[in-house]
There are 2 protein chains.
Amino acid sequence: MSDAPSDESSEDADPREEIMNATYSALGEHGYADLTMQDIADELGKSTSLLHYHFDTKEELLVAFIDHIMAEFREEHAPPEDLPPEERLREFLDLWVFEPDEDERAALHLALLEFRSRGPFNEAYREQLVRSDELLRGTVAEILRDGVESGAFEPVDPESTARMIVATLDGARTRQITLDDPEYTPTIRDELVETVVDPLLADSDDEQDGTNEEADRP
Amino acid sequence: MSDAPSDESSEDADPREEIMNATYSALGEHGYADLTMQDIADELGKSTSLLHYHFDTKEELLVAFIDHIMAEFREEHAPPEDLPPEERLREFLDLWVFEPDEDERAALHLALLEFRSRGPFNEAYREQLVRSDELLRGTVAEILRDGVESGAFEPVDPESTARMIVATLDGARTRQITLDDPEYTPTIRDELVETVVDPLLADSDDEQDGTNEEADRP
């Protein structure tokens, strides 16, 4: 990877950011297995030499792409820290729910699933997947830890509960995109709320007969 | 697909069964994306023409292969119906746990993950994946229904609880094989037992503190 070129034509756009956006579109359109540097260059409207100026290989570009979407997740979608832990947890669950018309998002997640299946054969990919997994689990564990410390949540083990929540959402998303069943993530989000989130709430005797809390959600 | 050839040389072996076994080995060795009919024929020690006698295309063979492993799952691994529902449920969860030395099994599940990522692009695959999903969820829902009817379980909704259990195990398995982390399925199996199975048990007041309220849910 090299420094950014000094003669970059458009002053207001970060070329790496533009490459990441083009990769997003190209992955959604072509899938991971069929993706070429040329596809990304075509999306970008530039030559592949620009890509190779920034990334030596497709592998290096894709590792940077996962970094990019994880950073976006953290910056844009991570629940604000000033919300109560319960709301942050509910917001985190909601992030995983696809609406049926989010074709681009489904296509991207499908491409990422193909990418993930390469993990065991590619050390750079695998390390990236492990980092992403730790980031996701860490986000949930931090919310749980805050809730336990403040007394809002029952004293669960933040790490193992976070691991289960992330695995459940991942399984729901994988099944939704591979089965093309738009009901998968919404119904499992609701089930997680009932089975895991509601019982977490301390002093929950008067708060949870039945499932009425999640009716208050947006 | 044609009838079995009458001049089949080995009398005691079902040629389709042998093809399925060879497919299992070839998938574990080559993965889904790189698998060819020749790879399967090589595993079988026969020519590809034998494969084509039974299956017109690789697609048709792979759909039959998923049928085959789902039937095996049902016949060999499904918990015996005379066990109490709680034990059947625990056995079902245990089925998903990989030991670190089960490389062949991990390789097969990785190949199946690649196969699954083709679902949205291939109607025959997608239909097969939907059937497999229904079979898995149906197995769990039946155990839950038996338990609820016999009074062994709290009155949960068998369908939605089954959906969540299967998604969680699927997410755990996917993360175990793509991250190459042998602890994933065992720890999530344990977490599912604590979070979902234990609270299901009727008269569970003395078995758990803090999480039993939600067992009253419909």
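The present account deals with the structure reproduced in this document. Predicted, not measured: the structure shown is a model, and the values here were computed from it. (Residues numbered from 1 in each chain as written. Chains lettered and ligands numbered in written order. Predicted model: local features only at pLDDT ≥ 70, side-chain atom pairs only at ≥ 80, totals over all residues. Heavy atoms only, no water.)

### Thoughts on the overall build of chain A
Turning to step 1, where the next piece is worked out: A count of helical and extended segments in chain A gives nine helices and zero strands.
Turning to step 2, where the next piece is worked out: The helix and strand sequence of chain A, counted from the amino end, reads α-α-α-α-α-α-α-α-α.
Turning to step 3, where the next piece is worked out: Counting only residues that meet the buried cut, chain A has 51% of its 218 residues in that class.
Turning to step 4, where the next piece is worked out: Counting only contacts in chain A whose residues sit at least 6 apart along the sequence, the fraction spanning at least 24 positions is 65%.
Turning to step 5, where the next piece is worked out: Entry remark: accessible area of chain A is about 9800 Å², with carbon and sulfur atoms responsible for 45%. (Helix = DSSP H or I, 4+ residues; strand = E, 2+ residues; numbered from the N terminus. Buried < 20%, exposed > 50% of the residue type's maximum accessible area, 1.4 Å probe, protein only. Contact = heavy atoms within 4.5 Å. Areas by Shrake-Rupley, 256 points an atom, 1.4 Å probe, with all protein chains shown as cover.)

### Description of the nonpolar core
Turning to step 1, where the next piece is worked out: Of all hydrophobic cores here, the largest spans 113 residues; its most connected members are Leu89 of chain A together with Leu89 of chain B.
Turning to step 2, where the next piece is worked out: Leave out the neighbours within four places in its chain, and Leu89 of chain A touches Val140, Ile143, Leu144, Phe153, Ile165, Val197 and Leu200 of chain A.
Turning to step 3, where the next piece is worked out: Membership of the second largest hydrophobic core comes to eight residues, among which are Ile177 of chain A together with Phe98, Leu110 and Leu113 of chain B. (Core = buried A, V, L, I, M, F, W, Y, C linked by side-chain atoms within 4.5 Å.)

### Side note on the relation of the copies chain A and chain B
Turning to step 1, where the next piece is worked out: Once turned by 180° and shifted 0.0 Å along the axis, chain A lies on chain B with an RMSD of 0.0 Å. Here the transformation between the copies is reduced to the relation of a two-fold axis.
Turning to step 2, where the next piece is worked out: Of all interface residues in chain A, 89% are interface residues in chain B too; the two copies therefore contact each other through one and the same surface. (Least-squares fit on C-alpha atoms with pLDDT ≥ 70 in both.)

### Re the interface of chain A and chain B
Turning to step 1, where the next piece is worked out: Every contact between the two is made by 45 residues of chain A and, on the other side, 45 residues of chain B.
Turning to step 2, where the next piece is worked out: Taking both partners together, chain A and chain B bury about 3900 Å²; carbon and sulfur atoms supply 58% of that area.
Turning to step 3, where the next piece is worked out: Sorting the residues of chain A by area buried against chain B places Arg163, Met164 and Arg175 of chain A first, and these three jointly supply 16% of that buried surface.
Turning to step 4, where the next piece is worked out: Inspection of the region where chain A meets chain B yields eight salt bridges.
Turning to step 5, where the next piece is worked out: Two residues, Arg175 of chain B and Asp170 of chain A, come together in a salt bridge whose shortest N-O distance is 2.8 Å.
Turning to step 6, where the next piece is worked out: Along the contact surface separating chain A from chain B lie 17 residue pairs in polar contact (both at pLDDT 80 or more).
Turning to step 7, where the next piece is worked out: Among the secondary structure elements, those contributing two or more residues to the side of chain A that touches chain B are α6 (103-117), α7 (123-150), α8 (158-179) and α9 (184-200) of chain A.
Turning to step 8, where the next piece is worked out: The biggest single contributor to the side of chain A that touches chain B is α8 of chain A, with 15 residues.
Turning to step 9, where the next piece is worked out: When grouped by side-chain class, the residues that make up the side of chain A that touches chain B number 18 nonpolar, twelve polar and 15 charged. (Buried area = accessible area lost by both parts, 1.4 Å probe. Salt bridge = Lys/Arg side-chain N within 4 Å of Asp/Glu carboxyl O. Polar contact = N/O pair within 3.5 Å; in protein donor to acceptor, adjacent residues only side chain to side chain. Nonpolar A, V, L, I, M, F, W, Y, C, P; charged D, E, K, R; others polar.)

Geometry only, nothing functional implied.
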